[in-house]
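Now for the letters of each chain:
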Amino acid sequence: MTETAELIDNDFLRQYELKVENEMAVIEYSLQERKIFLTKLVIPEAIKTVEFEKEFLAMVFDDIKERNICVVPTSPEIAKFVRSNRKYKRMLPVGIRI
């Protein structure tokens, strides 16, 4: 579902966006110093599946990893994703445990 979709980092609205099937999935964030706080995950019901959520979050985390920024997931869904994917735990700032 996300193979042809393009992930957009909308600086102005401070959110990652992924448009699929005329629906927009969004992760809102706050960027402070060298940390990005992922605060809210919004996926419309029309495209919401466990697989889509995992793919969308992986795309966002991979983009953040390329920018060499630490991640602080404040949304429960995003924290759950980090707990289940060890490779993204390394992106947490020192002292943060999930």
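Residues numbered from 1 in each chain as written. Predicted model: local features only at pLDDT ≥ 70, side-chain atom pairs only at ≥ 80, totals over all residues. Heavy atoms only, no water.

**Description of the layout of surface pockets**
Step number 1: Estimates place the volume of the largest pocket at around 160 Å³.
Step number 2: Mapped onto the lining of the largest pocket, the elements with two or more residues apiece are α1 (50-66) and α2 (76-84).
Step number 3: Classifying every residue of the lining of the largest pocket gives three nonpolar, one polar and four charged. (1 Å grid on protein atoms, 1.4 Å probe; cavity = no way out; pocket = protein on both sides within 12 Å on 5 of 7 lines; lining within 4 Å. Points joined across faces, edges and corners; volume = space filled by probe spheres on them. Helix = DSSP H or I, 4+ residues; strand = E, 2+ residues; numbered from the N terminus. Nonpolar A, V, L, I, M, F, W, Y, C, P; charged D, E, K, R; others polar.)

**Some words on unusual backbone geometry**
Step number 1: Of note in this structure, R14 is not a glycine but carries a positive phi near 50°.
Step number 2: Its location among the elements puts R14 in the loop between β1 (7-10) and β2 (15-20).
Step number 3: The backbone of E33 shows a phi angle near 55°, a positive value even though the residue is not glycine.
Step number 4: The residue E33 is located in the loop between β3 (23-32) and β4 (35-42) in this model.
Step number 5: A relative accessible area of 74% places E33 in the exposed class. (Buried < 20%, exposed > 50% of the residue type's maximum accessible area, 1.4 Å probe, protein only.)

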